[in-house]
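# Architecture and fold: a report
Now for the letters of each chain:
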Amino acid sequence: MAMCTQLSKKSLFLLSKAKLASSTGPVAAAGFVRHASDDLKSAFEAKIGPFQAEVKAFRQSHGNTKVGEITVDMMYGGMRGMKGLVTETSVLDPDEGIRFRGFTIPDCQDKLPKAPGGQEPLPEGLFWLLLTGEIPTEAQVQSVSKEWAARAALPSHVVNMLNNFPANLHPMSQFAAAIAALNSESKFAKAYADGLHKSKYWDPVYEDSMDLIAKLPVVAATIYNNLYRDGATPAPIDPEKDWAHNFTQMIGYQDPMFTELMRLYLTIHTDHEGGNVSAHATHLVGSALSDPYLSLCAGMCGLAGPLHGLANQEVLVFLSKVAKDIGLDANDEQLKEYVWGLLKSGQVVPGYGHAVLRKTDPRYTCQREFALKHLPDDKLFKLVSNLYSVVPPILMETGKVKNPWPNVDAHSGVLLQYYGMKEMNYYTVLFGVSRALGVCSSLVWDRALGLPLERPKSMSTEGLKKLVKA
Ligand code: CMX
């Protein structure tokens, strides 16, 4: 398995602080010229001090202010609605959907830099936004693309491990295992063992996060090629191209529209505030000062559950069954009967419902808009559209589903199928590559803010009964 293009360590444009302070002019580094103002790490570092001070002052004035009540039902009910976490990168409004640092998905589609000739936002831009709170320039985004290209090579033990997994090991298990094994490279684990001062933890956590994000497309491509392309060697990374472009080339997809789709896909799946399973698991494990590789591995194991990220696979399994059992052209009555049959057999309708959202997921809407633009006559898309009108009234009729509307996973697979990616078991890996951007940026902030070990109090039913009586 060929290693990807790797520039030498020195070539990474991580300028020393002294250099940054004395120069904002162009800097030549390993074949490309960059500007100090394009350096993500410096932009992030500049935010740390002021935000630490803001949080400190806020806690000093309001540390004892109550922000909510906890009921017995919340404790048994998956902590729904319980305010218990602080996450800076994004906020999910039940009726509006996600805002990344205050920006909606349409805002991001409008404002974030695009690839030359492209229309969809580059995930690199969203990562910059999540980490710094600022919309980056094109030059800043290009600088992130180059940096990720330079950090992408996998250590040989991870390549060997991936190449030796049995074909019946689910792609998400392969993905999570490879991420855990990558922690041989952890700069944080090494720095911690060497006695790094806690005020500096964020630095190697940032470095690990950048390395990890850079390597994920190579891991994902190796899994894809091993399982579905007879072990084809991933194409070498082009340091002049963006992260999503390099990924699509590595898995052998040449259609520029698939690359555009991937840019959108890898942008919209990044972050969904802090309480979802993958984000919460990553944050929780990171709070034990497990390195970013181990923390993300935990998040990916959570993403692999059918009520979370695996729902994108489940949706395609469901659509394929519908097509097989009643046909792609099934009418509304047939679809209604089919959906009721699923519910009566005690199963969920995958891709519908949400623990927080109470409207159609804007991530669904933007994928629908992509489909209306690029594949309006696709039969599978039409089936998905028909289900959009059939399923919500049925879920409402059950009287118990709090959100009958479609979520992100109801739409993503159809777009992938259209461009030839038929392997539905693989879909959650794509979600995972994207989710890493959100949860890693939160992880870096967790360490910059010095957030402690997470350890909520749990109670037994007996103890809770006594508490309620008292
Ligand atoms: N189909 C059938 N029943 C559903 C349902 C669906 N799509 N969504 C919710 N329900 C049921 C729940 O299972 C629950 O039933 P019980 O009371 O019998 O246990 C009841 O409705 C109430 O659930 P809720 O409060 O509306 O939803 P939750 O917050 O408990 O669960 C979620 C949220 C996403 C797990 C749920 O809607 C679901 O299972 N959806 C299908 C799977 C899916 O699409 N997951 C992906 C979510 C997005 C993501 O994370 O990627």
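## Comments concerning the pattern of salt bridges
Once the charged atoms of two side chains with opposite charge are near each other, the side chains can pair. Inspection of the entire model under this criterion finds 17 salt bridges. With its nearest N and O atoms 2.8 Å apart, the salt bridge here joins R263 to D242. Here R263 is found in helix α12 (residues 256-268), whereas its partner D242 is found in the loop between α10 (202-228) and α11 (243-250), with 21 residues between them in sequence. By the burial criterion, R263 is buried, and D242 matches it. R263 is the partner of E260 in a salt bridge, and the nearest nitrogen-oxygen pair spans 2.7 Å. Pair noted here: E260 and R263 are both in helix α12, with a separation of three residues, about one helical turn. For the pair E260 and R263, a shared accessibility class is recorded, and that class is buried. One network of salt bridges, with partners in common, ties together K41, E147, R151, K187, D203, E207 and D211.

## A look at the nonpolar core
Ranked by size, the top nonpolar core spans 115 residues in total, and within it F175, L319 and M421 carry the most contacts. Sorting elements by how many residues they give to this core places α10 first, with 14 residues. Not counting chain neighbours up to four residues away, the residues in contact with F175 comprise L216, V219, A220, I223, M300, V429, G432 and V433.

## Describing helix α19 (residues 409-418)
Counted residue by residue, α19 has nine buried out of ten residues, so it is predominantly covered. Among the residues of α19, those classed as buried are D409, A410, H411, S412, G413, V414, L415, L416 and Q417. Those residues of α19 that are buried lie in contact with α12, α15 (311-326), α17 (362-374), α18 (379-398) and α20 (427-448). Residue G420 follows α19 closely and has a positive phi angle near 105°.

## Some thoughts on unusual backbone geometry
In this structure, R101 is a non-glycine residue whose phi angle is positive, near 50°. Along the chain, R101 falls in the loop between β4 (97-100) and α4 (105-111). The exposure class of R101 is partly exposed, given its relative accessible area of 24%. Even without glycine at this site, E273 takes up a positive phi of about 50°. Turning to its location among the elements, E273 is positioned in the loop between α12 and α13 (277-287).

## Concerning the confidence of the model for the chain
When pLDDT is averaged along the chain, the result is 93; 92% of the residues meet or exceed 70. Mean pLDDT in the chain bottoms out at helix α1 (residues 17-22), which sits at 29, and peaks at helix α14 (residues 292-303), which reaches 99. Counted against residues more than four places away or in other chains, residues 1-33, with its pLDDT under 50, gives 64 contacts.

## Remarks on the environment of N425
Here N425 is to be found in the loop between α19 and α20. Exposure remark for N425: the relative accessible area of 34% places this residue in the partly exposed category. Residues N425 and M79 lie 346 residues apart in sequence; the distance between their C-alpha atoms is 30 Å. Beyond its immediate sequence surroundings of up to four residues, N425 is in contact with H170, P171, Y228 and Q313. Reaching out from N425, the side chain makes a polar contact with the side chain of Q313 at a distance of 3.5 Å.

## As for the packing of aromatic side chains
The full count for this structure, using the stated rule, is 18 aromatic pairs. Where F44 meets W445, the ring centres are 4.9 Å apart and the plane angle is 75°; that geometry is what we call edge-to-face. Of this pair, F44 sits in helix α2 (residues 40-62) while W445 sits in helix α20, placing them 401 residues apart in sequence. Each member of the pair F44 and W445 is classed as buried. Considering the side-chain rings of F51 and W445, the 5.4 Å spacing of their centres and the 75° angle between planes classify their relative orientation as edge-to-face.

## A look at the site of the ligand
By nearness alone, 20 residues border the ligand, and H308, G351, Y352, K402 and D409 come closest of all. In the environment of the ligand, a nitrogen atom lies 2.9 Å from a nitrogen or oxygen atom belonging to the backbone of V349. With respect to the ligand, the side chain of K400 contributes an N or O atom lying 2.8 Å from an oxygen atom. Surface burial for the ligand is 76%, taken as the share of its 900 Å² of free accessible area covered by protein chains.

## Some remarks on empty space enclosed by the protein
Applying the stated criterion across every chain yields a total of five cavities of 30 Å³ or more. Here the largest cavity defines a volume of roughly 160 Å³. A per-element tally of the lining of the largest cavity places α20 first, with five residues. Of the residues that constitute the lining of the largest cavity, the class distribution is eight nonpolar, six polar and four charged.

## Focus: the environment of S385
Structurally, the position occupied by S385 is in helix α18. Separated by 26 residues in sequence, S385 and H411 place their C-alpha atoms 9.2 Å apart. In terms of polar contacts, S385 uses its side chain to reach the side chain of R368, at 2.8 Å.

## Comments concerning the state of the cysteines
Two cysteines joined by a covalent bond between their sulfur atoms form a disulfide. Summed over the entire model, instances satisfying the criterion amount to zero disulfides. C297 supplies the cysteine sulfur nearest to C301, a cysteine that is in no disulfide, at a spacing of 4.3 Å. Since its relative accessible area comes to 49%, C301 is described here as partly exposed. The structure places no disulfide on C366, whose sulfur is separated from the nearest cysteine sulfur, that of C108, by 10 Å.

What counts as what
Residues numbered from 1 in each chain as written. Predicted model: local features only at pLDDT ≥ 70, side-chain atom pairs only at ≥ 80, totals over all residues. Heavy atoms only, no water. Salt bridge = Lys/Arg side-chain N within 4 Å of Asp/Glu carboxyl O. Helix = DSSP H or I, 4+ residues; strand = E, 2+ residues; numbered from the N terminus. Buried < 20%, exposed > 50% of the residue type's maximum accessible area, 1.4 Å probe, protein only. Core = buried A, V, L, I, M, F, W, Y, C linked by side-chain atoms within 4.5 Å. Contact = heavy atoms within 4.5 Å. pLDDT = per-residue confidence, 0-100. Polar contact = N/O pair within 3.5 Å; in protein donor to acceptor, adjacent residues only side chain to side chain. Phe/Tyr/Trp six-rings, centres within 6.5 Å; stacked < 30°, edge-to-face > 60°. Near = heavy atom within 4 Å. Areas by Shrake-Rupley, 256 points an atom, 1.4 Å probe, with all protein chains shown as cover. 1 Å grid on protein atoms, 1.4 Å probe; cavity = no way out; pocket = protein on both sides within 12 Å on 5 of 7 lines; lining within 4 Å. Points joined across faces, edges and corners; volume = space filled by probe spheres on them. Nonpolar A, V, L, I, M, F, W, Y, C, P; charged D, E, K, R; others polar. Disulfide = S-S within 2.5 Å.

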